[in-house]
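# Residue-level structural notes
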Amino acid sequence: MSRFRLLLTRRLPPNVEARARRDYDALPNPQDTLLGPEGIAERANSHGADGILVCAGDRVTAEAVANLPPSVKVIATFSVGYEHIDVAAAKARGIIVTNTPDVLTEATADTALLLLLAAARRAHEGNKLVRDGEWRGWHTTMLLGRDPNRKRLGIYGMGRIGQAVAQRARAFGMQIHYHNRRPLPPEQALGAVYHDTLESLLTVSEFFSINAPSTPETRGLFDAERLALLPPGAIFVNTARGDMVNDEALLAALKSGHIRAAGLDVFAGEPNLHPGYAALDNVFLLPHIGSATEETRDAMGFAALDNIDAVLAGRVPPSPI
Ligand code: DGY
């Protein structure tokens, strides 16, 4: 019996790629080159793909969708974020789009805390001092940071990941405030203080974490005016998407000290981030590795394949968008 044909746009973790090859006539991308919208459509046509497994950096534009062969039934992204896919264009062609929520919640929340602590405790400066051989010994005022204990953490986007960030931050003695479209039920809020506007949340947030998706409404949301609402000396963390932040505004706030430090895992235009960040000592930078653990990346890949399996078997996939 002929097998369904699957296009893999990127190299995948070995366990995931093995399952894809076992269950499908899979066209892999061993060089792991970014295919771009034209490349994705081209390969989908040459392979006669029934499904496409894409990743966060792949741009599945309306044009790419329009050029896909009629055989394509499903586009499954190996990510929770799906701003890189023109979902409306896919739906208009009857193509189901799926993502991988839940499985990366804990790893991403861990990364948010890693960034929060690294920024607050000046991890970049300390690491540099030791590696550069410039450390001259312990003294009482060397690299003083800020305690998270008893501070207010504002979480923008109290979904699965936001709640997991809150759970971890409580263990560091932080008081949780949040903004969402609607307040959470008490059993989920667990005492977190709801703000009905982002502006209200910003004004109380000694620490601030973005945990909301990038959408047309949230792109560029964190501009100079909104960042100015943070209390002086605030610490800013982003594990969501870089395009929600105006880089010039954040850099100006970091340079003036209005924002004391930032921990950033995501950037507009990745991997070509604004060069201003690397020039600042009060920013702790990671290369979009929020979900990058062996366990989580396997789980994300398996979740994407579960979605593809379901669609091609005529069932409702576990995580349709
Ligand atoms: C996601 O799943 O959206 C992560 O940011 C990885 O891209």
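These numbers come from a predicted model, not from an experiment.

### Re the nonpolar core
By size, the foremost hydrophobic cluster in this structure holds 47 residues, and its most contacted members are Leu153, Ile176 and Ile308. If you tally residues by element for this core, the top one is helix α5 (residues 105-120), at eight residues. Here this core spans two domains, and each of domain 1 (5-103 + 294-312) and domain 2 (105-285) adds at least three residues to it. Apart from residues no more than four positions distant in its own chain, Ile176 is found in contact with Leu153, Ile155, Met158, Ala166, Ala169, Arg170, Ala192 and Val193.

### A few points about the side chain of Ser205
Position of Ser205 among the secondary structure elements: in the loop between α9 (198-204) and β9 (207-210). Among the polar contacts made by the side chain of Ser205, one reaches the main-chain carbonyl oxygen of Leu201 at a distance of 2.7 Å. When neighbours within four sequence positions are excluded, Ser205 is seen to be in contact with Arg152, Gly154, Leu230, Pro231 and Ala234.

### A word on the site of the ligand
In the vicinity of the ligand, the contacting residues are Ala56, Ser79, Val80, Gly81, Leu104, Arg241, His288 and Met300. Between the ligand and the protein, one listed contact pairs an oxygen atom with a side-chain N or O atom of Arg241 at 2.7 Å. Its free accessible area being 230 Å², the ligand has 88% of it covered by the protein chains. Considering only residue class, the shell around the ligand consists of four nonpolar, three polar and one charged.

### A word on the sheet that holds strand β8 (residues 193-194)
Read from one edge to the other, the open sheet built from seven strands follows the order β8-β7-β6-β9-β10-β11-β12, with strand pairing classed as parallel. Only two strands of the sheet have a single neighbouring strand rather than two, namely β8 and β12 (283-285). Judged from the three bridges that link them, strand β11 (residues 259-264) and β12 form a sheet pairing that is parallel. Paired with Gly263 across the bridge in β12 is Phe284. Against the sheet, α5 makes contact with β6 (152-156), β9, β10 (234-238), β11 and β12, and its axis sits at roughly 150° relative to β10, the strand it touches most. Sitting on the sheet, helix α11 (residues 247-256) touches β10, β11 and β12, and the angle it makes with β11 is about 130°.

### Details of the domain arrangement of the chain
Once the domains are mapped, the chain shows domain 1 (5-103 + 294-312) and domain 2 (105-285). Summarising the inter-unit geometry, the C-alpha centres of domain 1 and domain 2 are found 31 Å apart. Taken together, the contact pairs seven residues of domain 1 with six residues of domain 2. Of the roughly 560 Å² buried at the junction of domain 1 and domain 2 (both faces included), carbon and sulfur atoms supply 43%. For the domain 1 face of the interface with domain 2, the top three residues by lost area are Glu83, Asp102 and Thr296, together amounting to 68%. Our enumeration of links across domain 1 and domain 2 arrives at two salt bridges. The closest approach of N and O atoms between Arg241 and Glu83, which form a salt bridge, is 2.7 Å.

### Topic: the sheet that holds strand β4 (residues 74-77)
The strand order across the open sheet built from five strands is β2-β1-β3-β4-β5, with neighbouring strands paired in parallel fashion. One side of each edge strand has no neighbouring strand; the edge strands of this open sheet are β2 (25-27) and β5 (96-98). In this sheet, neighbouring strand axes are inclined to one another by 20° on average, regardless of whether the strands run parallel or antiparallel. Bridging between strand β3 (residues 51-54) and β4 involves four bridges; their strand directions are parallel. The residue of β4 that forms the bridge with Ile52 is Ile75.

Parameters at a glance
Residues numbered from 1 in each chain as written. Predicted model: local features only at pLDDT ≥ 70, side-chain atom pairs only at ≥ 80, totals over all residues. Heavy atoms only, no water. Core = buried A, V, L, I, M, F, W, Y, C linked by side-chain atoms within 4.5 Å. Buried < 20%, exposed > 50% of the residue type's maximum accessible area, 1.4 Å probe, protein only. Helix = DSSP H or I, 4+ residues; strand = E, 2+ residues; numbered from the N terminus. Domains from an automatic or database assignment. Contact = heavy atoms within 4.5 Å. Polar contact = N/O pair within 3.5 Å; in protein donor to acceptor, adjacent residues only side chain to side chain. Near = heavy atom within 4 Å. Areas by Shrake-Rupley, 256 points an atom, 1.4 Å probe, with all protein chains shown as cover. Nonpolar A, V, L, I, M, F, W, Y, C, P; charged D, E, K, R; others polar. Pairing = 2+ DSSP bridges. Axes fitted to C-alpha atoms, helices over the stretch in contact; angles between N-to-C directions. Buried area = accessible area lost by both parts, 1.4 Å probe. Salt bridge = Lys/Arg side-chain N within 4 Å of Asp/Glu carboxyl O.

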